[in-house]
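Listed below, chain by chain, are the residues.
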Protein chains: 2
Amino acid sequence: MTATVANPLERLTEVLGDDMGRVNALIRERMASENAPRIPEVTAHLIDAGGKRIRPLLTLAAARVCGYQGDAHVKLAATVEFIHTATLLHDDVVDESGQRRGRPTANLLWDNQSSVLVGDYLFARAFQLMVEPGNLRALSILSNAAAVIAEGEVLQLSAAQDLSTDEATYMKVVRGKTAALFSAATQVGPVIAGADETVVQALFDYGDALGICFQIVDDFLDYGGAGAEIGKNLGDDFRERKLTLPVIRAIAMADAEERAFWERTLGKGVQNDGDLERAMAILTARGTLESTRQTALDWANKAQAALNALPAHPMRAMLIELAQFVVRRAS
Amino acid sequence: MTATVANPLERLTEVLGDDMGRVNALIRERMASENAPRIPEVTAHLIDAGGKRIRPLLTLAAARVCGYQGDAHVKLAATVEFIHTATLLHDDVVDESGQRRGRPTANLLWDNQSSVLVGDYLFARAFQLMVEPGNLRALSILSNAAAVIAEGEVLQLSAAQDLSTDEATYMKVVRGKTAALFSAATQVGPVIAGADETVVQALFDYGDALGICFQIVDDFLDYGGAGAEIGKNLGDDFRERKLTLPVIRAIAMADAEERAFWERTLGKGVQNDGDLERAMAILTARGTLESTRQTALDWANKAQAALNALPAHPMRAMLIELAQFVVRRAS
């Protein structure tokens with residue numbers, strides 16, 4: 001650990017560097033396809049764009065904190081990253097996105113067809129990988145997560161543009177699109193290590209709360225963060241008419257004029273110059289950006305509290321720091 | 001068995017009726033989603049359209065011919081149908097199809113987004129289902145098949161419009177898009193029954209050859225069959241510029257004028273009234289429809305021969321009849 005290592009995520013990446021190197025090698029090996037060269041082309045575009053690999057890191061950390069000594073964590077960590085990459089490819093088709101991690105999306109560089117089919121290939125590769133360690137409970141956790149993810153994405157699709165979307169629906173979407181894979185990533189660690197059920201539950205709860213926090217921060221940043229930092233444009237959710245937490249709360253408080261504004265811009269999708277700025281002004285005036293930030297902080301605290309069930313371990317301290325770091329992005 | 005039961009597929013459906021009833025009930029149960037009602041809507045549209053359920057029937061038949069007595073075959077048969085349904089949803093997005101099984105496609109009735117995400121949900125449900133019986137070899141077979149399917153679809157995408165596509169590439173596409181799921185469907189039967197390796201191999205070979213035969217017949221019918229019978233329009237492959245066996249063989253024999261025709265219609269995608277008729281006339285004159293039919297017949301015979309390794313059993317006779325029936329569609 002050197003003085004130049006700046007934040008908890010980077011420190012985690014460094015401490016788990018050997019394992020992460022094996023995960024990256026495995027990802028590279030399994031994204032190959034002798035028969036269809038387009039597959040590694042499309043996948044490499046996304047994999048090389050330098051995501052933070054937070055999900056596989058969580059699996060490695062959760063196995064490490066339980067003293068796991070085998071090899072299965074590397075395969076399961078690669079599984080988790082493949083599932084994540086597959087959902088990114090399909091999300092960009094669904095959202096008709098043009099930018100991801102600061103680069104043009106695969107659907108723009110190739111076509112929607114390639115994104116759909118290469119996503120399917122990565123899903124299938126993920127399932128092949130998760131089968132290899134032969135742990136049926138880990139298989140069950142990861143295949144359940146895949147179903148919850150897809151369900152959350154469909155729910156988000158039907159909830160978009162629907163001004164009656166409430167916080168309960170928002171939470172279901174967030175658990176589906178983000179927290180399900182975070183909690184599966186952390187839960188399989190203790191499962192393959194054969195840890196106590198209290199530890200399995202604690203790491204599930206940590207991943208669940210961290211994932212919810214992560215997504216709420218993301219939704220906050222879409223109206224308040226710097227585009228360069230998060231690799232997407234400010235206001236993407238507004239343009240895609242997604243009902244996220246700051247907006248749901250502002251709609252609940254809206255006066256007649258504000259309600260008409262949300263109806264037009266999100267309900268009907270009629271958006272003009274200056275509308276994003278007006279949306280941000282309403283969210284600020286109604287205090288819902290601040291309350292959203294506070295909700296993210298609550299979830300970071302829940303994530304941290306879940307780890308109290310774990311014995312003292314250097315990795316436990318790092319996971320606590322990680323939760324604080326995730327919410328700090330919104331400060 | 002009554003006199004009104006007309007063909008081997010219907011006879012198989014009748015003999016396996018009890019098991020198939022349980023498969024259909026399981027499919028209905030697992031396609032539900034409490035959180036996202038759009039999922040069962042989209043799925044029911046496809047499931048109710050009355051596909052022949054040939055793939056789950058193969059799993060049930062393969063388990064039955066090996067004397068299997070447990071419950072796993074029902075779950076694996078439903079798995080196979082879910083994988084198939086998921087690929088249909090994604091195929092229709094990729095092909096921009098408007099019709100499937102004689103009805104408007106889901107991407108037309110809802111939107112591409114729903115088709116992509118509901119397909120993902122069905123893939124995930126398939127993986128949940130295949131995990132439940134806890135047979136690691138069956139898991140490995142089915143997850144490998146899913147990867148080969150996706151690879152075949154990507155390969156087909158890059159091979160479309162490419163006049164240099166040869167028969168070897170065509171066979172890879174056919175094995176991917178069709179035979180991989182047929183052979184996985186038949187192979188998991190003996191695997192869960194704990195049958196001898198010779199029987200496992202025989203049923204794999206049968207499914208592989210039957211699937212190849214099935215796809216070649218489908219590609220033949222696209223230039224020669226009645227649209228009503230196969231539920232798609234005559235000439236779909238031509239319009240989608242797919243390089244199928246009759247065309248690949250005709251291009252290999254083409255004179256300069258024919259070559260220019262294929263270059264324009266399939267290579268460049270410039271198609272005018274009368275081009276489909278001209279294509280069919282060339283395929284007939286070059287004898288490639290007839291040679292394609294003969295190749296399908298060869299594969300049906302290979303499927304039948306594979307079953308020689310099995311002990312005599314009424315179900316073995318029905319599987320032999322099924323192979324003959326599949327190729328008879330092209331007569």
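In this report, the structure presented in the accompanying data block is examined. Being a predicted model, the structure only gives us computed values, none of them experimental.

Ranked by internal contacts, the top residues of the largest apolar core, which has 239 residues, are Tyr206 and Trp262 of chain A together with Tyr206 and Trp262 of chain B. The residues touching Tyr206 of chain B, leaving out its near neighbours within four places in the chain, are Leu58, Thr186, Ala303, Ala306, Leu307, Leu319, Leu322 and Ala323 of chain B.

The next thing to look at is helix H5 (residues 72-94) of chain B. With 23 residues, H5 of chain B extends 33 Å between its outermost C-alpha atoms, agreeing within 8% with the 33 Å of an ideal straight helix rising 1.5 Å per residue. Glu96 of chain B, located one to two residues past H5 of chain B, shows a positive phi value of around 50°.

Between chain B and chain A, the contact holds 39 residues from the first and 39 residues from the second. When chain B packs against chain A, close to 3,500 Å² is buried across both sides, 73% of that on carbon and sulfur atoms. Across the contact surface, chain B and chain A share 0 salt bridges. Broken down by secondary-structure element, the contributors of at least two residues to the side of chain B that touches chain A are helix H3 (38-47), H5, helix H7 (112-131) and helix H8 (136-159) of chain B. Per-element tally for the side of chain B that touches chain A: the top contributor is H8 of chain B, with 14 residues. Classifying every residue of the side of chain B that touches chain A by side-chain character gives 19 nonpolar, 11 polar and 9 charged.

Another point: the packing of helix H2 (residues 17-30) of chain B against H5 of chain B. Residues and elements named next belong to chain B. Two numbers describe how H2 lies on H5: the axes approach to 9 Å, and their chain directions differ by 55°. Relative to H5, H2 is oriented oblique. Where H2 crosses over H5, the two elements pack in a sense that is right-handed. Only His73, Val74, Lys75, Ala77, Ala78, Glu81 and Phe82 of H5 make contact with H2, whose side of the interface consists of Asp19, Arg22, Val23, Leu26, Ile27 and Arg30. Here the residues of the contact of H2 with H5 are counted per class, giving 7 nonpolar, 1 polar and 5 charged.

Residues and elements named next belong to chain A. At their nearest, the axes of helix H4 (residues 54-65) and helix H10 (residues 197-224) sit 12 Å apart, and the two run at 155° to each other. The angle between H4 and H10 falls in the class roughly antiparallel. For the element pair H4 and H10, the recorded crossing hand is right-handed. Residues Ile54, Arg55, Leu58, Ala62 and Val65 of H4 lie in contact with H10, whose contacting residues are Leu203, Tyr206, Leu210 and Phe214. A per-class count over the contact of H4 with H10 returns 8 nonpolar, no polar and 1 charged.

Aligned on chain A, chain B shows an RMSD of 0.0 Å; the corresponding rotation is 180° and the shift along the axis is 0.0 Å. Interpreted geometrically, this transformation is the action of a two-fold axis. The share of interface residues of chain B whose copies in chain A are also at the interface is 100%, consistent with both copies meeting through the same surface.

Thresholds applied
Once a new chain begins, its residue numbering starts again from 1 and follows that chain's sequence as written. Ligands are numbered from 1 and chains lettered from A, in the order in which they are written. Whole-chain, interface and lining totals are the exception, using all residues; otherwise, since this is a predicted model, local features are given only for residues with pLDDT of at least 70 and side-chain atom pairs are given and counted only at 80 or more. Derived side-chain values reflect all non-hydrogen atoms in the structure, with water molecules and hydrogen atoms excluded from consideration. What we call a nonpolar core is a set of buried Ala, Val, Leu, Ile, Met, Phe, Trp, Tyr and Cys residues that are connected through their side-chain atoms within 4.5 Å. Between buried and exposed lies partly exposed: a residue is buried under 20% and exposed over 50% of the maximum accessible area for its type, with that area taken using a 1.4 Å probe on protein chains only. We call two residues in contact when some of their heavy atoms are within 4.5 Å. Numbered from the N terminus, helices here are DSSP runs of H or I no shorter than four residues, and strands are runs of E no shorter than two. Multiplying 1.5 Å by the residue count of a helix minus one yields the expected span of that helix. Accessible surface is computed with a 1.4 Å probe, and the buried area is the amount of it that two parts give up when combined, taken over both parts together. The rule for a salt bridge is simple: a side-chain nitrogen of Lys or Arg has to be within 4 Å of a carboxyl oxygen of Asp or Glu. Under the scheme applied here, ten amino acids are nonpolar (Ala, Val, Leu, Ile, Met, Phe, Trp, Tyr, Cys and Pro), four are charged (Asp, Glu, Lys and Arg), and all others, including Gly, are polar. Axis geometry follows a simple rule: fit a line to the C-alpha atoms, using only the stretch in contact for helices, then measure angles between N-to-C directions, giving values from 0 to 180 degrees. An angle below 35 degrees is read as roughly parallel, one above 145 as roughly antiparallel, one from 65 to 115 as roughly perpendicular, and any other as oblique. Crossings are assigned a handedness: left-handed for a near helix turned anticlockwise from the far helix by less than a right angle, right-handed for a clockwise turn. Least-squares fitting of one copy onto the other uses the C-alpha atoms of those residues that reach a pLDDT of at least 70 in both copies.

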